[in-house]
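Okay, here's what each chain looks like letter by letter:
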Amino acid sequence: LGGRRVELVVEDGACVPAQSVSAAEKLITSDKVVALAGCFCSSSTGAVMPIAKKYGIPHVSGISTSPTLTEQGNEYFFRAAATSALLAKAFASALWDTMKVRRIAYLAVNDDWGRNSVKSFSEEFAALGGENVAAEIFNRGDADHYTYLSKIKAANPDAIYVVANTANAARITNQIRELNIDAEIFGEGAWTSDTYLELTGENSNGVYGITEYLHVADNPINKKFVADYQKAYGQVPTKYAAPIYQVIRIIGEAIERAGSDDPKAIRDALTKTNYQGLSGPLMFNEKGQAYGFNAFIALIKEGEVTQAASATIPKP
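Residues numbered from 1 in each chain as written. Predicted model: local features only at pLDDT ≥ 70, side-chain atom pairs only at ≥ 80, totals over all residues. Heavy atoms only, no water.

K.L.:
Please provide a residue-by-residue account of the overall build of the protein chain, values included.
P.N.:
Helix and strand content of the protein chain: 10 helices and 13 strands. In terms of C-alpha radius of gyration, the protein chain reaches 19 Å, essentially the compact-globule figure of 20 Å for 316 residues. Across the 316 residues that make up the protein chain, the buried fraction comes to 53%. Contacts spanning at least 24 positions in sequence make up 62% of the contacts within the protein chain whose residues lie at least 6 apart. Total accessible area on the protein chain is roughly 13900 Å²; 50% of this is exposed by carbon and sulfur atoms. (Helix = DSSP H or I, 4+ residues; strand = E, 2+ residues; numbered from the N terminus. Rg over C-alpha atoms; globule rule 2.2 N^0.38 Å. Buried < 20%, exposed > 50% of the residue type's maximum accessible area, 1.4 Å probe, protein only. Contact = heavy atoms within 4.5 Å. Areas by Shrake-Rupley, 256 points an atom, 1.4 Å probe, with all protein chains shown as cover.)

Below, the structure is given as C-alpha cells:
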C-alpha cells in the first residue's frame, strides 16, 4: 500500500478474554500496529474493544456475531459480519415457510455467541408462531452431549438448532444420529468446513447451516478467491478463512483511502467502506455494523456443500 508492504503481526487470544486483552496490549504498545483484526470469539472481542478505543486503534472483527458488540457506542470498532440477530431475522422464516418447522429445540455453546444466537433465533421463531420446546447450553470443552440430546429428544422437536464450533458441531451431529432423533439439524457455525465433513461422514447428509460465506457462491470475486485459495492450500476456503481475508482487505482499502497509516485517519476511512467482497457489497452503518452482503443456508448432500437459500443482510 503506497509502496509499502503490509506486515501481519499475530498473537493468539485463544478465545480467552484476559489473554486476548494481553495480546492486544502487546500488539498496540510494543509492536505499534496501526489496526487490529480480530478476535474470533465474541467474549474476547468484547474484552479487546475498550483497549482499542483507549489507544485510538481501529478494530475490525470478521467473525464475532454477538449483537451487543456494536451497541456499545465504540467508534473504533467495526464488525464485517452479520450479528446473530440479523442472521435470525434473515433465516427464521426459512424454517417456518420452506421446511415447515413448528417446534424447535436449541443446543448451544456457553459463551456470548451461543447464548445470543439462541436468544435471537428463538425470539424470531416465536414471532412467526413457532414453539421453542427446549434449550440446552454446553461448555466448549464438553465431548459428551448425550444428556443434553436425550432431553431434547424427549421434547420431540421438528428441528434442532445447534450453535457450535467445528469439533463440537461434528460430535453433536454424530450423537444426534446415534440417538436416532427424528429432527432436522440446523445451525450456526462451521457446518461447511472440510474438517466437519470429514468428522461426520454420511451423518452430515441433510444438515443445514447458516453461514455468511459459502465457497460455492456464484460470483466472479469469490470464484477467483476460491481458485487462489485452493492453489495455495489444497482445499476450499472455510467460513473462517474468508472473513479474515476480507477484514485484511477492508483495512487495507481504508489505509489506501486515508493515504496514511495514522490510526485515526484509518478509522475515519473505515466509515466510508464500500467493499466489493466475496458475498457482495459490504458497508458499515453509523454503529460500525456491516450490511449489504449476502448470507446463505448451506445444505450438505452426499458429503458436498450446496446452497439451499440466500438473503441480503439489511441495514440495521
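K.L.:
Describe the state of the cysteines, and please don't skip the residues or the numbers.
P.N.:
Under the definition given, this model contains one disulfide. One disulfide in the model links Cys 15 with Cys 41; its S-S distance is 1.9 Å. Every disulfide takes its handedness from the sign of the S-S torsion; for Cys 15 and Cys 41 that torsion is 80°, giving right-handed. Remark: Cys 41 occurs in the loop between β1 (36-37) and α2 (42-55) and Cys 15 occurs in the segment before α1 (17-29); sequence separation between them is 26 residues. (Disulfide = S-S within 2.5 Å.)

K.L.:
Before we move on, could you go through the pairing of strand β12 (residues 294-301) and cite the residues and values that matter?
P.N.:
Most of β12 is tucked away, with six of its eight residues classed as buried. Pairing analysis gives four bridges linking strand β8 (residues 208-211) to β12, with the strands arranged antiparallel. Looking across to β12, one finds that Tyr 208 is bridged to Leu 299. Of the pairings in the sheet, the one linking β12 to strand β13 (residues 304-312) comprises eight bridges and is antiparallel in character. Paired with Ile 300 across the bridge in β13 is Val 305. (Pairing = 2+ DSSP bridges.)

K.L.:
Pulling in residues and values, what's your account of the packing of helix α3 (residues 84-98) against helix α4 (residues 112-127)?
P.N.:
For any two helices packed against each other, the geometry comes down to the angle between their axes and how far apart the axes lie. Where α3 meets α4, the closest approach of the two axes is 8 Å, and the angle between their N-to-C directions is 45°. With respect to their mutual orientation, α3 and α4 come out oblique. Viewed along their axes, α3 and α4 form a crossing whose handedness is right-handed. Residue-level contacts link Ser 84, Ala 85, Ala 88, Lys 89, Phe 91, Ala 92, Leu 95 and Trp 96 of α3 to Trp 113, Asn 116, Ser 117, Ser 120, Phe 121, Glu 124 and Phe 125 of α4. (Axes fitted to C-alpha atoms, helices over the stretch in contact; angles between N-to-C directions. Parallel < 35°, antiparallel > 145°, perpendicular 65-115°, else oblique. Left-handed = near helix turned anticlockwise from the far one by under 90°.)

K.L.:
An account of the sheet that holds strand β5 (residues 131-138) is needed here, citing residue identities and associated values.
P.N.:
The strand order across the open sheet built from seven strands is β5-β4-β6-β7-β8-β12-β13, with neighbouring strands paired in mixed fashion. This sheet does not close on itself; its edge strands, each paired only once, are β5 and β13. For this sheet, the mean inter-axis angle between neighbouring strands, taken without regard to orientation, is 20°. Pairing of strand β4 (residues 103-109) with strand β6 (residues 159-164) involves five bridges; the strand directions are parallel. If you follow Ala 108 over to β6, its bridge partner there is Val 163. Sitting on the sheet, α3 touches β4, β6, β7 (184-189), β8, β12 and β13, and the angle it makes with β12 is about 50°. Across the sheet, α4 lies against β4, β5, β6, β7 and β8, angled at about 165° from β4, the strand it touches most.

These values are about where atoms sit, not about what they do.
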